[in-house]
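An overview of the molecular structure
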Amino acid sequence: MCAMPGNPNRAGGLEAPSVRAGRFTVSVQVNGERREGDVEPRTLLVHWLRDTLGLTGTNIGCDTSSCGACTVLVGGESVKSCTMLAVQADGAEVTTIEGLADGERLHPVQQAFWENHGLQCGYCTPGMVMAAVSLLAEHPHPSEEEVRAGLEGNLCRCTGYHNIVKAVLAAAGATAAARVAS
Amino acid sequence: MIPAPFEYKRAATLAEAVDLLAANGEDAKLLAGGHSLLPLMKLRLATPALLVDIGRVRELSYVREEGDHVAVGALTRHRDLETSEVLRTHLPLLAHVAGQVGDPQVRHRGTIGGSVAHGDPASDLPAACLALGATFEAVGPNGARSVAASELFKGFLETALGPDEVLTEIRVPKATGVGWSFQKFNRRAQDWAIVGVAALAGPHPGVAMINMGPVPLRATAVEEALVGGASAAEAAARSAEGLDPPGDLNASPEYRRHLAQVLVRRALQEAGVA
């Protein structure tokens, strides 16, 4: 993936979008890289990420904003990318599951899912991890109850959630430990 | 699922949004957080010709104290209501209800104005606005006007707002220290309420019901009973009076009437009504 040339004047995303025969040019910071493209206004963010940018780590589950499989971060906050237009993300920062790891080193939440086996089939996992990252950004030290409530928007049909909750609580501890160490 | 094609225009200011609506009439719809409208468009139950995106009109996102009221900008997101110190202090019912809408992802995008203007009888926030006696401010080509919460909801997904009007602000009388409760009965996490109740105690009690008719509505018989000095149980017995709740996969009308009485009693007791 190469970084697309960006126009720094678009960073605020407040000006009128440029029109090209019913299409709009969007410019989005995706996983730290400026990505630009022409989209139809009805293009959903999840389709742009998957089909145009090739970032297929974000899954489509229910496609009705219920299951959370398509969760990504927009401006650092969890969002269901099946219920957002790509044009709404113009000028924003988007993070997908591909953007979490630092090279070979997994993000603390990914590491915790691995170590606690917070998955079975894995289909919900990218969305679950992104929702957990957003949850921990808002509640760095959640109780088990807060983790369960915080993952309300993500459905898992395999695990019964037990190891997922364990993983998020472990990640909260690990994140706190990493912060102390640094 | 992909929405039917539409034209897309982005308004940078409220004035620009009003102009775009005036120029495009009933074919245009406002897009705020998109969490009521986009699901309908994906199912092709809504096929607007033009979306006017007001999601970036920052001037409509705020929570501020104004004397005996709190003014809430229509584009304030549920997450910002939930965490607002002003609301937690003066309108804890509204902050709490915002935190019960959908799930965290929905609350990061959805706005109070979008939820109210959608007029869904199954939504949480319209009920909270009704119970709290809110007033809605709207701006159209002919200027601004106020609509009382009890006058806004006209029919299923239909409000008193014109197609050329933009809901700009929700004004809510402060209810500092007044007892309140929110009861939401659903079968699964993040589901819509099968029946829900938002209740405010005190000298001007407000009791509003979710999913007990075609619109978000007040349980006026319960409110009258409370003003007349009824106990929680006596007032709750009148919860379904004059209401015609729907039947669906989740519940029959009879079950909803029963549920309303149970939930109103719990709500009134939690709000401190004897």
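Residues numbered from 1 in each chain as written. Chains lettered and ligands numbered in written order. Predicted model: local features only at pLDDT ≥ 70, side-chain atom pairs only at ≥ 80, totals over all residues. Heavy atoms only, no water.

Our next topic: the side chain of B:Ser84. On the secondary structure map, B:Ser84 appears in the loop between helix H3 (78-82) and helix H4 (85-90). Within polar-contact distance, the side chain of B:Ser84 engages the backbone nitrogen of B:Val86 at 3.3 Å. (Helix = DSSP H or I, 4+ residues; strand = E, 2+ residues; numbered from the N terminus. Polar contact = N/O pair within 3.5 Å; in protein donor to acceptor, adjacent residues only side chain to side chain.)

All names here are of chain B. Under the 1.5 Å per step criterion, the end-to-end length of helix H12 (residues 253-270) is 25 Å for 18 residues, consistent within 8% with the ideal 26 Å. Among the residues of H12, those classed as buried are Arg 256, Leu 259, Ala 260, Val 262, Leu 263, Val 264, Ala 267 and Leu 268. Looking at the buried side of H12, the elements it contacts are strand E11 (180-185), strand E12 (195-200), strand E13 (206-210), helix H10 (220-227) and helix H11 (232-236). (Expected span 1.5 Å × (residues − 1). Buried < 20%, exposed > 50% of the residue type's maximum accessible area, 1.4 Å probe, protein only. Contact = heavy atoms within 4.5 Å.)

In this section: the sheet that holds E13(B). Residues and elements named next belong to chain B. Read from one edge of the open sheet, four strands run E11-E12-E13-E14, paired in antiparallel fashion. If you trace the sheet from one side to the other, it starts and ends with E11 and strand E14 (217-218), each paired once. Inspection of the sheet shows E11 paired to E12 by six bridges, in the antiparallel sense. Counterpart to Phe 182 in the pairing with E12 is Ala 198. Lying on the sheet, H10 is in contact with E13 and E14; it crosses E13 at an angle near 160°. Packing against the sheet, H12 makes contact with E11, E12 and E13, and its axis sits at approximately 150° to E11. (Pairing = 2+ DSSP bridges. Axes fitted to C-alpha atoms, helices over the stretch in contact; angles between N-to-C directions.)

Residue and element names in this part refer to chain B. In terms of domains, chain B is made up of domain 1 (7-53), domain 2 (58-173) and domain 3 (180-270). Taken over C-alpha atoms, the centre of domain 2 sits 20 Å from the centre of domain 3. With 24 residues of domain 2 at the interface, the matching set in domain 3 holds 21 residues. Counting the contacts that link domain 2 with domain 3 gives one salt bridge. One salt bridge in this structure joins Asp 124 and Lys 184, with 2.7 Å as the shortest N-O distance. Linking domain 2 with domain 3 are four residue pairs in polar contact (both at pLDDT 80 or more), by the criterion used here. Those elements that place two or more of their residues in the side of domain 2 that touches domain 3 are helix H5 (92-98), helix H8 (124-131) and strand E8 (153-155). Ranked by residues supplied to the side of domain 2 that touches domain 3, first place goes to H8 with six residues. (Domains from an automatic or database assignment. Salt bridge = Lys/Arg side-chain N within 4 Å of Asp/Glu carboxyl O.)

Pairing of side chains with opposite charge becomes possible as their charged atoms draw close. Evaluated as defined, the whole model comprises 23 salt bridges over all chains. Put simply, B:Arg79 and A:Glu138 hold a salt bridge, and the shortest N to O gap is 3.5 Å. With B:Arg79 in helix H3 and A:Glu138 in helix H3 (residues 125-138), this residue pair bridges two chains. Where salt bridges share partners, they join B:Arg64, B:Glu66, B:Glu169 and B:Arg171 into one cluster.

With that out of the way, let us pick up the interface of chain B and chain A. Tallying the contact residues gives 32 residues for chain B and 37 residues for chain A. Across the chain B/chain A interface, buried area totals approximately 2,800 Å², and carbon plus sulfur atoms make up 51% of it. Sorting the residues of chain B by area buried against chain A places B:Arg10, B:Arg56 and B:Gln105 first, and these three jointly supply 23% of that buried surface. At the junction of chain B with chain A, the criterion picks out five salt bridges. Where the side of chain B that touches chain A is concerned, the elements lending two or more residues are strand E1 (7-10), helix H2 (37-42), strand E3 (50-53) and helix H6 (104-109) of chain B. (Buried area = accessible area lost by both parts, 1.4 Å probe.)

Two pairing modes exist for strands in a sheet, parallel and antiparallel, and in both the strands are linked by backbone hydrogen bonds. Residue and element names in this part refer to chain B. Ordered in space as E4-E5-E10-E6-E7, the five strands form an open sheet in which the pairing is antiparallel. The two strands at the open ends of the sheet, each matched to only one other strand, are strand E4 (63-66) and strand E7 (143-148). With direction set aside, neighbouring strand axes in the sheet form an average angle of 25°. One ladder, built from six bridges, connects strand E6 (residues 135-140) with E7; its direction is antiparallel. Looking at E7, one finds that Val 139 is bridged to Ala 144. In the packing of helix H1 (residues 14-24) onto the sheet, the strands contacted are E6 and strand E10 (166-173), and the crossing angle to E10 comes to about 125°.

Further remarks concern helix H1 (residues 45-52) of chain A. Residue and element names in this part refer to chain A. Looking only at H1, the buried set comprises Leu 45, Val 46, His 47, Trp 48 and Leu 49. On its buried face, H1 sits against strand E2 (23-30), strand E3 (33-39), strand E4 (71-74) and strand E6 (93-95). Once H1 ends, the next one or two residues include Gly 54, with phi positive near 75°.

In this section: the packing of helix H2 (residues 108-115) of chain A against H3(A). Residue and element names in this part refer to chain A. Two elements in contact, H2 and H3, have axes whose closest approach is 9 Å; the angle formed by their N-to-C orientations is 125°. Here H3 runs oblique to H2, going by the angle between their axes. For the pair H2 and H3, the crossing hand works out as right-handed. Residue-level contacts link Val 109, Gln 110 and Phe 113 of H2 to Thr 125, Met 128, Val 129, Ala 132, Val 133 and Leu 136 of H3. Across the contact of H2 with H3, the residue classes break down as seven nonpolar, two polar and no charged. (Parallel < 35°, antiparallel > 145°, perpendicular 65-115°, else oblique. Left-handed = near helix turned anticlockwise from the far one by under 90°. Nonpolar A, V, L, I, M, F, W, Y, C, P; charged D, E, K, R; others polar.)

Moving on, we get to the side chain of B:His90. Among the secondary structure elements, B:His90 is positioned in helix H4. Residue contacts for B:His90: discarding those within four places in its chain leaves B:Glu65, B:Val70, B:Lys174, B:Ala175 and B:Thr176.

Turning our eyes to something else, we now look at the domain arrangement of chain A. For interface size, the figure often reported is the accessible area lost on association. Residues and elements named next belong to chain A. Looking at the assigned domains, one finds that chain A contains domain 1 (8-99) and domain 2 (108-181). Taken together, the contact between domain 1 and domain 2 spans 18 residues of the former and 13 residues of the latter. Inspection of the region where domain 1 meets domain 2 yields zero salt bridges. Counting across the domain 1 and domain 2 interface gives seven residue pairs in polar contact (both at pLDDT 80 or more). Those elements giving two or more residues to the side of domain 1 that touches domain 2 turn out to be E4 and strand E5 (77-80). Across the side of domain 1 that touches domain 2, the residue classes break down as six nonpolar, 10 polar and two charged.

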